[in-house]
Structures are given as C-alpha cells and as structure tokens.
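Examination of the molecular architecture
Each chain, written out:
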Amino acid sequence: LANQLNYFSNILNNTSNIWTILELWANIGMNLVALNLLLPESKLTAIEINRLACEKIEKNLWNKVNVINWSILDYSSDSKYDLVFTKWVLIHINPNELDKVYEVMYNSSNRYILLWEYYNPKPVSIEYRWYNDKLFKRDFCWDILNKYPDLELKSYWFNYHWDNNFQQDDITWFLLEKKHII
C-alpha cells in the first residue's frame, strides 16, 4: 500500500478537483484503497468482472465504493468521472478489443484519464504465465492520444525495477487531460 500511496501522491500533484473516480478492472481494490486515503471525500466506482474480487473490494473499502460486477469490454454508462484509470489492465486486453476500452475510458471521463501500464514503443506480445497472447506491451498513450485529439499529455513517469524506493516492475503511467476542461 505504501508504494500505491507514493505513486498516487505523485500523480495527484498534477491534478485538481478530483471528486469522482472510476477504476476499470479494479481487482480487489487496492488502488482505490490508496486513493480513498488520499482523497477521502471522493466517490469511488470500480468495474470488476470477477464476483469474488468485487466482494473483496467492498470489504476493503467498507462499502465506500460503488462496485459494478461487469466486463469492461461490455460496460456502458452515462456516468462521468473526474478521473478514469487502469493499472496493469490494458496489457491484458487483446489488441483487437483495445478501442472498446479506450472508448469506455474516454466517454466515462470528465477530465482525466490515467494509463498505468507496461510500455513498449512497438506492439509486442509477451509470454505470460506460460501462455501466449495474454500480455501485450505497446504505447497505449500514443494510441489514445491519436484516437481522441482533444486529449493532451499532462504528465508521465517511468518506474525502473531496480529503484529501491519504489520496487515494482518497469511500468509507466501517463496522465491525460481533456483540453476543453481547462
């Protein structure tokens, strides 16, 4: 949790007025737990396909979150959020389905979109837990910036796996903002 708090503190320093948050494919909700500690007045929503993970999200956040047990590939709503994000999610989406997820992110966002994923300048498929075509690296930021010209890159950061202060994999986050909001 300490790493998530550090990362989110850094990200949130580049934002303002975040009152509503949507995490797509939230797993057991640890990112939302960190955000709840940093932004206790914010309203949290999680989309998660796994019913048992949904129950853990509700337990971890003491019913402070709206949990939607649904696939992000099929999710549709008129609700808008100040921050919409993924962490280690897009890397598991088949490249043929990415546009659907980008559309959900864009249409659900009032202002900010956060992509927190593995990065590669060219799309590649990596073996994952002895399976092929289950993990994909690419420039997700470039994809979504090209798809939605009113988005702009607000900030980004790269974590190096040998950094003793923030021990995680090599991962990059990109914070995007809709230009018309400023």
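Keep in mind that this is a model prediction, so the values were computed, not measured.

Comments concerning the pairing of strand E5 (residues 109–117)
- Burial of E5 is extensive: eight of the nine residues sit out of reach of the surface.
- Across six bridges, strand E4 (residues 81–87) lies against E5 in parallel orientation. For Phe85, the partnering residue across the bridge sits in E5 and is Leu114.
- Assessed by its sense of winding, the connection that carries the chain from E4 through helix H4 (residues 98–108) to E5 is right-handed.
- Summarising the sheet, E5 and strand E9 (residues 171–178) pair through six bridges and their orientation is antiparallel. In the strand pairing of E9, Trp116 is matched with Trp173.

Notes on unusual backbone geometry
- At Arg129, a residue that is not glycine, the phi angle is positive and equals roughly 50 degrees.
- Here Arg129 lies in the loop between strand E6 (124–128) and strand E7 (131–137).
- By relative accessible area, Arg129 is classed as exposed at 58%.
- One non-glycine residue, Asp133, adopts positive backbone phi at about 55 degrees.
- Mapped onto the secondary structure, Asp133 falls in strand E7.

Observations concerning the packing of aromatic side chains
- In total, this model carries eight aromatic pairs according to the counting rule given.
- On the numbers, 5.7 Å between centres and 75 degrees between planes, the contact of Phe8 with Phe85 is edge-to-face. Of this pair, Phe8 sits in helix H1 (residues 2–12) while Phe85 sits in strand E4, placing them 77 residues apart in sequence. As far as burial versus exposure is concerned, Phe8 and Phe85 are alike and both buried.
- Their ring planes at 50 degrees and their centres at 6.3 Å tell us that Tyr119 and Phe174 sit as a pair that is tilted. Within this pair, whereas Tyr119 is found in the loop between E5 and E6, its partner Phe174 is found in strand E9, the two being separated by 55 residues in sequence.
- Assessed through its relative accessible area of 13%, Phe174 is described here as buried.
- We note Lys87 situated over the ring of Trp88; from NZ or CZ to the ring centre the distance is 4.7 Å.
- Between the NZ or CZ atom of Lys137 and the centre of the ring of Tyr118, over which it lies, the distance is 5.6 Å.

Let's talk about the side chain of Asp82
- Here Asp82 is to be found in strand E4.
- Among buried Asp, Glu, Lys and Arg side chains, Asp82 stands out as unpaired, with Arg111 the closest opposite charge at 7.2 Å.
- A polar side-chain atom of Asp82 sits 2.7 Å from the main-chain amide nitrogen of Trp19.
- Each residue touching Asp82, except ones within four places of it in the same chain, is listed here: Asn17, Ile18, Trp19, Thr20, Asn110, Arg111 and Tyr112.

Topic: the packing of H4 against helix H5 (residues 140–147)
- Packing of H4 against H5 leaves a shortest axis separation of 11 Å and a crossing angle of 65 degrees. Looking at the two axes, H4 sits roughly perpendicular to H5. Handedness of the H4/H5 crossing: right-handed. Contact with H4, carried on its side by Leu98, Asp99 and Tyr102, involves Phe140, Asp143, Ile144 and Lys147 of H5 and no other residues of that element.
- Within the contact of H4 with H5, the residues separate by chemical class into four nonpolar, no polar and three charged.

Parameters and conventions
Residue numbers here run from 1 along each chain, matching the order of that chain's written sequence. Local features in a predicted model are, by the rule used here, given only for residues with pLDDT of at least 70; side-chain atom pairs are given and counted only at 80 or more, and totals for whole chains, interfaces and linings are based on all residues. Processing note: side-chain calculations cover all non-hydrogen atoms of the structure and skip hydrogens and water entirely. Burial classes follow relative accessibility: with a 1.4 Å probe on protein chains only, a residue under 20% of its type's maximum area counts as buried, one over 50% as exposed, and anything between as partly exposed. A run of DSSP states H or I qualifies as a helix once it reaches four residues; a run of E qualifies as a strand once it reaches two. Both are numbered from the N-terminal end. Only strands joined by at least two bridges in the DSSP assignment are considered to pair. Look down the strands so they point away from you; if the path from the first strand over the helix to the second goes clockwise, the crossover is right-handed. Aromatic pairing here means that ring centres of Phe, Tyr or Trp (its six-membered ring) are within 6.5 Å. Orientation follows from the plane angle: under 30 degrees is stacked, over 60 is edge-to-face, and everything else is tilted. Charges are assigned to positions over rings by a cutoff of 6 Å between ring centre and Lys NZ or Arg CZ, combined with an angular limit of 35 degrees from the ring normal. We score Asp and Glu as negative and Lys and Arg as positive, and we do not count His or the chain ends. The term salt bridge refers to a side-chain nitrogen of Lys or Arg lying within 4 Å of a carboxyl oxygen of Asp or Glu. For the purposes of these results, a polar contact is taken to be a pair of N or O atoms within 3.5 Å, where, inside protein, one atom must be able to donate a hydrogen and its partner to accept one; residues adjacent in sequence count only when each atom of the pair is a side-chain atom. The contact definition used throughout considers only heavy atoms, calling two residues in contact when any of these lie within 4.5 Å. In this description, a line fitted to the C-alpha atoms serves as the axis of each element, helices being fitted only across the stretch in contact, and the angle between N-to-C directions of two axes falls anywhere from 0 to 180 degrees. When describing relative orientation, an angle under 35 degrees is termed roughly parallel and one over 145 degrees roughly antiparallel, while 65 to 115 degrees is termed roughly perpendicular and anything else oblique. With the far helix as reference, a near helix turned anticlockwise by less than a right angle produces a left-handed crossing, and one turned clockwise produces a right-handed crossing. Three classes are used: nonpolar for Ala, Val, Leu, Ile, Met, Phe, Trp, Tyr, Cys and Pro, charged for Asp, Glu, Lys and Arg, and polar for all others, with Gly counted as polar.

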